[in-house]
Amino acid sequence: MEQLALVQGDDAEAWAADAVLTIVGRPQRRVEGAAKVTGRARYTHDIRLPGTLHARILRSPHPRARVRHVDASRALALAGVRGVLHRFNTPKTAFRGEETIFREEVRFVGDEVAAVAADTEAIAEAALSLIVVDYEVLPHVVDLEEAIDAASPRIDEKGNVLDADRYERGDVRKEFAAADVVVEGTYRTSTQLHNSLETHGAVAVWDGDQLTVYESTQHVFGVREGLRNALHLPLANIRVLCDHMGGGFGSKGGIGKYTIVAALFAREIGAPVRCVLDRHEENVAAGNRSATLQRVRAAGKDGRITAIAHESWSNVGQARWVADPTGPTKGLYDVPNVLAHAHRVLTNTGSLAAFRAPGYVEGTFALESAIDELADGMGVDPLALRRRHAGSQVDPVSKMRYSLKRLVDCYDIGAEEIGWSRRARGGLRGSAPGLRRGLGMASQLWSGGGTPPAYATVHLNPDGTAVVRIGTQDIGTGTRTVIAQVCAEELGIDVRGVRVEIGDTDAPYAPISAGSLTVASITPAVRLAAKDAREQLLDVASGVLEVGRAELRVEGGAVVSRGARTPIAKVFEDLENYTVIGKGSRMPNPDDIVLKTFGAHFAEVEVDPATGMVVVERVVAVHDVGRIVDPLTARSQVEGGVIQALGFALSEERVVDKPTGRVLTSGLETYKVPTVRDVPRIVVRFVDVPDTVANNVGAKGLGEPPIIPAAAAVANAVANGLGVRIRHLPLTPRRVLDALAAAS
Amino acid sequence: MKSFEYTRPTSVQEAVQLLSAQNARALGGGTDLLGIMKDALLPTDRVVDLKGIQGLDHIKDDAGTLAIGALARLGDIASSSLVSQKAPALAQAAGLVASPQIRNMGTLGGNLAQKVRCWYFRDADRTDCYKRNGSYCYAVLGASDLHAVFGGAACFAVHPSDTATALSALDASVVVAGPKGQRTVPIASFFVGPDTDYLRETVLAPDEIITEVRVPPGALGAPSVFLKAAPRRSIDFARTSVGAQVVGTNVIQTARIALGAVAPTPHRATKAEAFLEGKSLAADTIAQAAELAADGAKPLASNAYKVPLIKGLVRQALTALAAR
Amino acid sequence: MSDPQSTKRFSRRAFLKVAGVTSAGTAAAVSCTTAVGPTPPPATPKAVRVGPPAGAGKTVLMQLTVNGTLFEAAVDTRWTLAEMLRDQLRLTGTKVGCDRGECGSCTVLVDGKPTLSCMTLAQEMAGRKIATVEGLATHGRLNDLQQAFWDRGAAQCGFCTSGMLMSATALLTANAKPTEDDVRHALSGNLCRCTGYKKIVEAVLVASGQTPAA
């Protein structure tokens, strides 16, 4: 279905590449930094309302079962228990295409079966074990490859493997037949768990028919929408708040079942209800990056890549969508013949949630491994081979021009920085006897152009300070700070004079903080709101100062005319509480132009064949994402993306017990998020050329790009150093040792 | 957590008396016990906080023997110059346990007496696991990445302690106090495997505590080393570790090689040890000893990687000793 | 769960009376409402009284110092230090990320040592000195470490920040000029998922007056 977005007014001209900006583009410490280093910053976990009750969720111990009966009488009899919800007493509450939050057929270990509200979390927890559920246990399958097997239990009547997307250009079959070299590989990636340090959770409180929900979320408006659908309330009766939040990485894209549980209990009991997941629940029932099985065939002829065929299967749990891994195969390289075919595979495990560049991280690993294998087969340097297909300014999928593409610049910068010329076939000697050293690289493609709708208001106070209101949220990326920068720049005031009010659905709408959408979606709206405010200020100043409007500008908190500076406060001095309210909305993206981000990562690794340990020594990350609004937060994004990718590449892996369907790695000792001691040197470079076609700020998104190519670069470096290619992430000591044993 | 009685005795006698009650458990640093209680893995009705007992946190030279109190913190052992000098493998092992916070909190006694980290045992809902008084081992047909390649029987959980591995190589002994007084147990017989009793990992009776660990003069000062392989450089338990010590200059009189996280108890690579005696640490000798160290390993479905890992680590450990 | 026997035996008045007269060192099981901490010396300023938390089961009255303030608190005997700090003293700067001692978000200093407050029983803290993130700034002025964290962009989502600051505080107290490797070791029990390790390490070096390597 086509979606419409209404926009009004005219856009501002984009800041030119050579525009002199005093705040945008300079490092700015975070506007909320003091609150975070003093412990004052309040997270959903920290919300303490008087009389709060605590809800805990009973989860299925079976990977698949029918809930025949729930007996909550013993739980209700426990002192301090205030209510129990389950499928036989809960009103229909629509949730992500299903009618209720408590399924008749539970589909994974951890699926919601019932919930308890009690005076304390401990009482609620104790009550869970008193609920008696009659389950009819059904046959299950949790492993991706077993689920694909036709002999396995069918979870859906249509089967476990569902077609998701098929794309073809050119004639792949013909080119494979005509090729000089054809390589083929089967690649596997493991389920990655988000593990935001703040687990999912919500606190709900009603005041009459007004519902307020505090939620750790990447989309306050999405939570509002979910509550409207579940509870059939007018939007005006719902307010969702998220002041600070402890990470989401895609998993906090909207309402959770816990949100509905909290809201229902709060309404029924008439008290605030807090429902916060623990770490174990977070890792069984709050989403994940799908495990994938991918087959890539690549053909080369006369020194060029002539065809790529990429087929993928993703373990989505029960989700109705798939994070398609074949995106990079379709769009990254200018290759004439491409066949991409993605499948969604149902299993009895927790469903996927978007995880930072969903699909692209997994797909880039398979694609870029295959490109390296092809380059080896063709006897060509893998970077040289990529260069031949990276220069085109036309998107091979849509055949439209890119607004800006500097991928080859990324190659140049990265190759120089890592010392690519040292790379040798078969790798290099390590720093100690027995160790092997390798270099690898991979490219990145992602969107990041942003989108309407997004709206902002800027109130200019009589003293020359300003308040920006926009219904976005800062998920840790520095959104507040870039908003303040763009507002201050446009308005001509100090960044410290800007207060940023976000995380509230009573503010103007802004999109989800995901998909690298935020900066490119909201800062153009903020800029227009600030411009509107500035122009109104100049109207006022023109009258007050009796100077022609055209002779005035705002600079450093003052209205400046030829030779004279009048502080904004002075302009307003006699106007009492006259308030300028500027309004801005995100304009549509240009027609017939494709907005993408590009980048390349280069990795240098050392592998110990005796222990299977892979040590990443250095990653050079180069990105082409338009204008960098704040180099400090931008570097944080890149470093964070690289390190998360290293976790995916080397250590992070959900392990599910096949016979019982239980997640064995639901804690942070068994699930291996990188520690500070696992982190290599990371060199961050930006092309930093504003994309003046994209939007009036010239910036594109940077959330996703840095997590996309790092794992592939590391895998290529390991293959280079070791002389053995391991096509299964993460490259744990176990996989490395098993691969070496198999190779010898 | 379920309700429990908290007690804080001030003497060993009082402690063991308090521990004689049903489901009483000793509390040292708490980094293991609190997890067990939160997940209700083992019934706990009484917590006996040993930290009120004075004089159990010493690290001292006791007439030539290195004597370390059970309440000595792992962090203090790691940074002790006495330990680093006399028993480097122990200092290294203590310094590689978990995280700085856990080393600040965790005690040597607790590190030796901890429960296994098997991901089936630690799953609150697996009430039928052998170690929870059940009669099933999920690792046999399940995911056995963490599990034993030596000595498993019914239960295949490995002993997770890094210091136990080092102390096994150092020929230490463990002083145990109980209602009938003290006894000293050689480290080689301190740990018990599932063939003896799958409900416990050590010889400790429920009302016994470790009071001291002693490293004999003969093992002190001789080169020793501890190496640990784990997916991450911090927080993790070992996937395989090795503690090694050679006594004798030029020609090895005694070699002790203890392997951690590969068996229900610290596993002595006795064939490799015997092979080394009377030899010097030449490269080919080391290589042969490393091969012998994995002799007899019987991997489960997903832990065959531990066999080359054992060989690799032993080779590196002996190479490090040869360089001393 | 509260033990009905003990709740009956001790009224609130009784437990206030018991407090301050019992000192540590009794070998008997400390049940219910007995104070387990040493009596503060007479010169000690009057403690801030904190009543039992809402819905508490069995409580024990004890004294402890948090960020320089002496508290006399009725602590739920099942509670961890993290729960007591967050839910009773309302010091929510200390975060709970895993509740199993595996992430370091809950790190506080107990008598100067980085300690996992989620794996420490509140009642073990009788007579101890605890420092949390809320105690780092004085009169609203950030200390050098906090300032460096802010200036260097070391706090992203901020959820790990309090624990990082406490681990780093202990490091800098013990070692005024740590190397980068020292810093990494000291912070290696604190996970940052965002993951801003590089800037966190830089900030600690800056706070110690050093210039981090590029």
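Residues numbered from 1 in each chain as written. Chains lettered and ligands numbered in written order. Predicted model: local features only at pLDDT ≥ 70, side-chain atom pairs only at ≥ 80, totals over all residues. Heavy atoms only, no water.

1. Remarks on the overall build of chain B
Quick note on the threshold: A run of H or I in DSSP counts as a helix once it spans at least four residues, and a run of E counts as a strand once it spans at least two, with each numbered from the N terminus. Throughout this description, buried means an accessible area under 20% of the type-specific maximum (1.4 Å probe, protein chains only), exposed means over 50%, and partly exposed covers the range between. Residues are treated as being in contact if the distance between any of their heavy atoms lies within 4.5 Å.
Looking only at helices and strands, one finds 12 helices and 12 strands in chain B. Viewed in the frame of its principal axes, chain B has a C-alpha envelope of about 60 × 50 × 35 Å. The buried share of chain B, taken over its 324 residues, is 63%. In chain B, 63% of the contacts between residues at least 6 apart in sequence involve partners at least 24 apart.

2. What about the interface of chain A and chain B?
Defined as follows: What counts as a salt bridge is simple: a side-chain nitrogen of Lys or Arg found within 4 Å of a carboxyl oxygen of Asp or Glu. The definition of a polar contact used here is a pair of N or O atoms within 3.5 Å, where within protein one atom must be able to donate a hydrogen and the other to accept one, and adjacent residues in sequence count solely through side-chain atom pairs. Residue classes follow a fixed rule: Ala, Val, Leu, Ile, Met, Phe, Trp, Tyr, Cys and Pro count as nonpolar, while Asp, Glu, Lys and Arg count as charged, and any other residue, Gly among them, counts as polar.
The interface is formed by 25 residues belonging to chain A together with 27 residues belonging to chain B. Where chain A packs against chain B, one counts 5 salt bridges. Linking Asp657 of chain A and Arg126 of chain B is a salt bridge whose minimum nitrogen-to-oxygen distance equals 3.3 Å. Connecting chain A to chain B are 14 residue pairs in polar contact (both at pLDDT 80 or more). Broken down by secondary-structure element, the contributors of at least two residues to the side of chain A that touches chain B are strand 28 (613-624) and helix 18 (733-743) of chain A. When residues in the side of chain A that touches chain B are grouped by element, the largest group, 3 residues, is from helix 18 of chain A. Residues belonging to the side of chain A that touches chain B are distributed by class as follows: 11 nonpolar, 5 polar and 9 charged.

3. Details of the interface of chain A and chain C
Put simply, the rule is: Throughout, the accessible surface (probe 1.4 Å) given up by two parts as they are put together, summed over both, is called the buried area.
Taken together, the contact pairs 56 residues of chain A with 48 residues of chain C. Taking both sides of the interface into account, the surface hidden between chain A and chain C amounts to around 4,300 Å²; carbon and sulfur atoms contribute 57%. A per-residue breakdown of the area chain A buries against chain C is headed by Val37, Leu197 and Val676 of chain A, which together make up 18% of the total. Inspection of the region where chain A meets chain C yields 7 salt bridges. The shortest N-O distance in the salt bridge between Asp46 of chain A and Lys95 of chain C comes to 2.4 Å. It is helix 16 (residues 631-650) of chain A that contributes the most residues to the side of chain A that touches chain C, 8 residues altogether.

4. Considerations on the sheet that holds strand 2 (residues 65-71) of chain A
Residue and element names in this part refer to chain A. Threshold: In this scheme, strands are said to pair when DSSP sees at least two bridges between them.
As summarised here, the arrangement of the 3 strands in space is 4-2-6, forming an open sheet in which the pairing is antiparallel. Looking along the sheet, the strands with just one partner apiece sit at the ends: strand 4 (105-106) and strand 6 (132-137). In this structure, strand 2 lies alongside strand 6, joined through 6 bridges in antiparallel fashion. Looking at the pairing, Arg66 lines up with Glu136 of strand 6.

All quantities given are derived from atomic positions and should not be read as evidence of function.
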